[in-house]
Amino acid sequence: MFELKKLISTLLMPLPALLLVGFFGLFLIWFTQRKGFGSFLVFVSLLLIALASFQPITSSLLMKLERQHTGFLTPSEPVDYVMVLGHGHVVDDEIPPTSELSRTALMRLIEGIRIHFMYPTSKLILSGYDGGNEVSHARMLARVAMAMGVNKNNILLLETAKDTWEEAFQAASVVGRSNLVLVTSASHMPRALYEFKSAGLDPTPAPTNYMAQKEIHQPWIKYSPRAQYLEQFERYWHERLGQLWQRLRDKVAQQEAEVQGDPVTSPEPASPVTEVLAPVPG
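This structure is a prediction, so every number in the text was calculated from the model and none was measured. (Residues numbered from 1 in each chain as written. Predicted model: local features only at pLDDT ≥ 70, side-chain atom pairs only at ≥ 80, totals over all residues. Heavy atoms only, no water.)

On to the UniProt feature "transmembrane region" (unreviewed entry) in the chain. Per the UniProt record, "transmembrane region" (unreviewed entry) is annotated on residues 12–31 and 37–57. The span residues 12–31 is 90% helical and 0% strand by assignment, and the distance between its end C-alpha atoms comes to 26 Å. Secondary structure content for residues 37–57 is 90% helix and 0% strand, while the C-alpha to C-alpha distance between its ends is 27 Å. (UniProt positions renumbered as here; feature names shortened; annotations may be inferred. Helix = DSSP H or I, 4+ residues; strand = E, 2+ residues; numbered from the N terminus.)

Rendered as structure tokens:
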């Protein structure tokens, strides 16, 4: 189910979806009599790719997501746990550990370490499954964290969590009623908070990895299509699809509970805490 969800979401991303539309238009032009409709599809595909790469559009859309929560700048309450949500990594012994993490994962980790150092007695929770690699994402994050000075005794790992839903419910069994700071990308924070609150937690948001900016004054940067702006639109679209999935999932779960006559309850963690958590080896 997880792999199917990821496959469908990948095909619904702007670039793959629009390329499919464009290639279908070419197919109609080359192999059918519907050349006019095929030309229209190719035009629509190119036009939408251009608009999705246009900074005034993409940044304004993404900024509405990213600026819903302010950054963690002025701490006011003690913190027991700092949780960094996972993203992605590769395993390559020929490059530094920091380069094995995706840019998003590295940004999240650095922010988590910064907050952890503000509260030296806090525990740093790192999450993420192996994703087909021999090393879990959580363990890769831990390697970099220890290289940056974090004590291994202050690191806890959630190595089986595949998505934010699993991260939230596994974290709930660890954190309990303790104060938790949640670190993730600014655009992902609204969706992440929804999952964590569904799991019975009320974390303090610490958004990072801001991508959208409005203070761009060079016209050759602001008004020319760029891959970085296409990435911004992809991030916006990904989060909106994720929010739609959350509503559909919860609606189906509620309807199933009503049919069965059972109260709607929060699911248990995917694994016992003793199996989910593992200290980082020395």
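Quick look at the confidence of the model for the chain now. Of the residues in the chain, 92% have a pLDDT of 70 or more, and the chain-wide mean is 90. Overall, residues 264–282 carries pLDDT values under 50, and its contacts beyond four positions in sequence, including any with other chains, amount to 37 contacts. (pLDDT = per-residue confidence, 0-100. Contact = heavy atoms within 4.5 Å.)

In this fold, Asn209 is placed in the loop between strand 5 (204–208) and helix 10 (219–222). In this structure the side chain of Asn209 is engaged in a polar contact, spanning 3.4 Å, whose partner is the side chain of Thr104. Asn209 has contacts with Glu66, Thr104, Met107 and Ser185, leaving out every residue within four places of it along the chain. (Polar contact = N/O pair within 3.5 Å; in protein donor to acceptor, adjacent residues only side chain to side chain.)

To continue, consider the packing of aromatic side chains. Both the distance between ring centres and the angle between the ring planes are used here to describe each pair of aromatic rings. One pass over the full model with this rule turns up eight aromatic pairs. Following the ring pairs from residue to residue traces out a cluster consisting of Phe24, Phe27, Trp30 and Phe31. (Phe/Tyr/Trp six-rings, centres within 6.5 Å; stacked < 30°, edge-to-face > 60°.)

Right, let's get into the packing of helix 9 (residues 189–198) against helix 11 (residues 227–260). Two numbers describe a pair of packed helices, the interaxial angle and the distance between the axes. Viewed as axis vectors pointing N to C, helix 9 and helix 11 meet at an angle of 20 degrees, and their least axial separation amounts to 9 Å. In terms of axis orientation, helix 9 runs roughly parallel to helix 11. Note on packing geometry: the crossing formed by helix 9 with helix 11 is left-handed. Side by side, helix 9 and helix 11 meet where Pro190, Arg191, Tyr194 and Glu195 of the first sit next to His238, Glu239, Gly242, Gln243, Gln246, Arg249 and Asp250 of the second. (Axes fitted to C-alpha atoms, helices over the stretch in contact; angles between N-to-C directions. Parallel < 35°, antiparallel > 145°, perpendicular 65-115°, else oblique. Left-handed = near helix turned anticlockwise from the far one by under 90°.)

Following both chains from N to C, one finds helix 8 (residues 164–175) and helix 9 inclined at 40 degrees, their axes separated by 8 Å at the closest point. It follows from the interaxial angle that helix 8 and helix 9 lie oblique. Helix 8 and helix 9 meet at a crossing whose hand is right-handed. Contacts from Thr164, Trp165, Glu167, Ala168, Phe169 and Ala171 in helix 8 reach Ala192, Glu195, Phe196 and Ser198 in helix 9.

Right, let's get into the domain arrangement of the chain. Buried accessible area, meaning the area lost when the parts come together, often serves as the stated size of an interface. Partitioning the chain into domains gives domain 1 (1–65 + 226–258) and domain 2 (73–208). Here the C-alpha centre of domain 2 lies 29 Å away from the C-alpha centre of domain 1. If you look at the interface, domain 1 gives 14 residues, while domain 2 gives 13 residues. Carbon and sulfur atoms make up 40% of the surface buried where domain 1 meets domain 2, a total of about 1,200 Å² over both sides. Of all residues in domain 1, the largest losses of buried area upon contact with domain 2 belong to Phe2, Glu239 and Gln246, amounting jointly to 42% of the total for that side. Put simply, Arg103 and Glu231 hold a salt bridge, and the shortest N to O gap is 2.7 Å. (Domains from an automatic or database assignment. Buried area = accessible area lost by both parts, 1.4 Å probe. Salt bridge = Lys/Arg side-chain N within 4 Å of Asp/Glu carboxyl O.)

Time to look at the nonpolar core. With 25 residues, the main nonpolar core has Leu109, Ile115, Leu124, Leu126 and Val181 as its most contacted residues. A total of six residues in this core trace back to one element, the largest contributor, which is helix 7 (residues 137–147). The residues touching Leu124, leaving out its near neighbours within four places in the chain, are Val82, Val84, Gly112, Ile113, His116, Ala145, Val150, Asn154, Ile155 and Leu156. Phe169, Leu180, Leu182 and Leu193 belong to the second-largest nonpolar core, a separate cluster that totals 18 residues. (Core = buried A, V, L, I, M, F, W, Y, C linked by side-chain atoms within 4.5 Å. Buried < 20%, exposed > 50% of the residue type's maximum accessible area, 1.4 Å probe, protein only.)

Burial runs high along strand 2 (residues 123–127): four of the five residues are buried. The pairing of strand 2 with strand 3 (residues 155–158) spans four bridges and is classified as parallel. Across the sheet, the residue bridging to Ser127 is Leu158, located in strand 3. In this view, the connection linking strand 2 to its parallel neighbour strand 3 by way of helix 7 has right-handed handedness. (Pairing = 2+ DSSP bridges. Right-handed = clockwise from strand over helix to strand, strands pointing away.)

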